[in-house]
Amino acid sequence: MKTLEKTELGQFTTMKIGGVADKICFPSTIRELIDLIDKLMSKNEPWSLVGGGSNILASSQNIPGTVICTTGLNLIEQLGPDLLIAGAGVRLPRLSAYASKLSLSGMEFFEGIPGTVGGAVVMNAGAHGHSTNQILETVTVLDLKKGKVEVLTLKDIIFGYRISTINPQEQIVLSAKFRMVPDTEAAIRTRMKANNLARRSSQPIKDPSAGCTFKNPIELNMPAGKILDSIGAKNWTIGAAQVSSIHANFIINLGSADSQDVCKLISKMQESTFEKYNILLKPEIKPLGVFKESEAIIWTNADQTTNSSFIITK
Ligand SMILES: Cc1cc2nc3c(=O)[nH]c(=O)nc-3n(C[C@H](O)[C@H](O)[C@H](O)COP(=O)(O)OP(=O)(O)OC[C@H]3O[C@@H](n4cnc5c(N)ncnc54)[C@H](O)[C@@H]3O)c2cc1C
């Protein structure tokens, strides 16, 4: 198995932030992943899981233990006329391009989302009015509590807005089956192109980021980006972390940002929103690694902050 030692995790996150990890392992088969987890758990060693690293803020401090990166689990197969199976590490744009070539529709919204199948299932990734759960048939997980591989149907998982009941600390997504709808390749491509164009005109896709920083709050009928724009957050800068001038819910890394810069900026965005609207924005971005208590406070009240190596220090 490909293994990197004492390597900066930042190169495997879309925000390009992340300190030196003791080990980063890239299993290329499910067997390798299961054996690795078995070994780490039997020795009680810390570990964490990353897919495309496109929805995490990794700490700039050293990251203890083993980071398991799923991108080697990258097989796609057509199982039936309208059924696809994809490994947890398959990148979403590759999967939607694959489906379009088979004239299968349903994944056009994956275009431009830089995550993997595992991350998309756990986060219930979505865009343009569609979300991952709408096309899922089953999800195969390694259940760490039960110590076995299980196939979950939609009855076994609860999905919400950017959330699911799959907890990466207890269930690792190994693969997912997707139910598709036949259409012409040309029509599918047209929709993918439109999605891409919409993204290009409204998001800072050329800058390193982790996508939307906050979830849209349910208390207010306004997206987090609009709320932040209304308080003048665009271009706020702390260190080398900046609120994008294109989309106020994106924090971009100007080059040398560290996790402290980002935490401070998130804190400022939350405090200013609270002052004006009396609501606490909840981060969509998940923490990985070691954070000071004063930084970790930004995840207080987030719906799901669990991550196996999210450690808080004084
Ligand atoms: C430019 C940009 C645009 C984006 N646009 C969108 C968008 O339109 N819609 C949207 O929903 N998101 C968007 N995102 C956010 C992100 O791409 C999605 O949330 C994506 O689903 C995350 O997948 P990932 O593989 O990168 O997960 P990671 O960031 O690697 O991990 C996220 C969480 O999932 C867990 N996880 C990862 N793989 C597994 C697995 N196999 N089993 C169990 N747990 C796992 C991790 O432990 C972590 O807790 C965007 C991000 C960027 C940078």
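Residues numbered from 1 in each chain as written. Predicted model: local features only at pLDDT ≥ 70, side-chain atom pairs only at ≥ 80, totals over all residues.

Observations concerning the site of the ligand
What surrounds the ligand is a group of 33 residues, the closest being Gly51, Gly115, Gly118, Gly119 and Gly211. Those elements that place two or more of their residues in the shell around the ligand are β3 (47-50), α3 (117-123), β9 (126-127), β15 (171-179) and β17 (209-212). If one sorts the elements of the shell around the ligand by residue count, α3 sits on top with five residues. Broken down by class, the residue content of the shell around the ligand amounts to 16 nonpolar, 15 polar and two charged. (Near = placed C-beta within 6 Å. Helix = DSSP H or I, 4+ residues; strand = E, 2+ residues; numbered from the N terminus. Nonpolar A, V, L, I, M, F, W, Y, C, P; charged D, E, K, R; others polar.)

Describing helix α4 (residues 185-202)
The terminal C-alpha atoms of α4 lie 26 Å apart, and with 18 residues this matches the ideal 26 Å at 1.5 Å per residue to within 8%. Burial in α4 covers these residues: Ile188, Met192 and Asn195. On an axial view of α4, the arc spanned by its buried residues comes to 60°, and they lie on one face. Within α4, the exposed residues directed more than 90 degrees away from the buried face are Ala186, Thr190, Lys193, Leu197 and Ser201. (Expected span 1.5 Å × (residues − 1). Buried ≥ 20, exposed ≤ 12 C-beta atoms within 10 Å, placed from the backbone. Arc of directions from axis to C-beta.)

Re the domain arrangement of the protein
According to the domain assignment, the protein consists of domain 1 (2-72), domain 2 (76-200) and domain 3 (207-284 + 293-313). Computed from C-alpha atoms alone, the centre-to-centre distance between domain 1 and domain 2 is 22 Å. Across the contact, 12 residues belong to domain 1 and 13 residues belong to domain 2. In terms of residue count, helix α1 (residues 30-42) provides more of the side of domain 1 that touches domain 2 than any other element does, three residues in total. (Domains from an automatic or database assignment. Contact = placed C-beta atoms within 7 Å.)

Some remarks on the sheet that holds strand β20 (residues 250-253)
Taken together, four strands build an open sheet; the order of strands is β17-β20-β19-β18 and the sheet is antiparallel. If you trace the sheet from one side to the other, it starts and ends with β17 and β18 (237-238), each paired once. Docked against the sheet, helix α6 (residues 259-277) engages β18, β19 (241-243) and β20, running at close to 30° with respect to β19. (Pairing = 2+ DSSP bridges. Axes fitted to C-alpha atoms, helices over the stretch in contact; angles between N-to-C directions.)

A few points about the nonpolar core
In terms of nonpolar packing, the biggest core is built from 74 residues, with Val173 and Val262 touching the most fellow members. Excluding anything up to four places from it in sequence, Val262 contacts Ile17, Leu57, Ala241, Ile251 and Ala257. (Core = buried A, V, L, I, M, F, W, Y, C linked by C-beta atoms within 7 Å.)

Considering unusual backbone geometry
Positive phi, close to 60°, is recorded for Lys16, a residue that is not glycine. Here Lys16 lies in the loop between β1 (2-8) and β2 (20-26). Phi at Asn124 is positive, roughly 45°, even though this residue is not glycine. Within the secondary structure, Asn124 sits in the loop between α3 and β9. Given 20 C-beta atoms within a 10 Å radius, Asn124 is considered buried.

Side note on the pairing of strand β21 (residues 286-292)
The buried fraction of β21 amounts to six of the seven residues, a majority that puts the element mostly inside the structure. Relative to β21, strand β4 (residues 56-58) runs parallel, the two sharing three bridges. The residue bridging Ile56 from the neighbouring strand is Lys286, located in β21.

Digging into helix α2 (residues 92-101)
If you check which residues of α2 are buried, you get Leu92, Leu95, Ser96, Ala99 and Ser100. Looking straight down α2, one finds that the buried residues subtend no more than 135° of arc, so they occupy a single side. A positive backbone phi angle near 60° is found at Ser103, which sits one or two residues after α2.

Side note on the environment of Gly211
Summarising the element assignment, Gly211 is placed in strand β17. With 97 residues separating them along the chain, Gly211 and Pro114 place their C-alpha atoms 9.0 Å apart. Not counting residues within four places of it along the chain, the set of residues in contact with Gly211 comprises Ser54 and Asn55.

Details of the packing of α2 against α4
Two numbers describe how α2 lies on α4: the axes approach to 8 Å, and their chain directions differ by 155°. With respect to each other, α2 and α4 are oriented roughly antiparallel. Listed contacts from α4 to Ser96, Ser100 and Lys101 of α2 are Glu185, Ile188, Arg189 and Met192. For the contact of α2 with α4, a count of residues per class yields two nonpolar, two polar and three charged. (Parallel < 35°, antiparallel > 145°, perpendicular 65-115°, else oblique.)

Quick notes on the environment of Lys2
By secondary structure assignment, the location of Lys2 is in strand β1. In this structure Lys2 comes out as exposed when scored by C-beta crowding, with 11 C-beta atoms within 10 Å. Put simply, Lys2 and Gly72 are 70 residues apart on the chain and 9.2 Å apart in space, counted from C-alpha to C-alpha.

A word on the sheet that holds strand β7 (residues 83-87)
As summarised here, the arrangement of the five strands in space is β6-β7-β15-β11-β12, forming an open sheet in which the pairing is antiparallel. Whereas interior strands pair on both sides, the edge strands pair on one side only; in this sheet they are β6 (76-80) and β12 (148-153). Here the strands of the sheet are splayed against their neighbours by 20° on average, with no regard to which way each runs. Both strand β11 (residues 136-143) and β15 contribute to a ladder of seven bridges, which runs antiparallel. Looking at the pairing, Leu142 lines up with Ile172 of β15.

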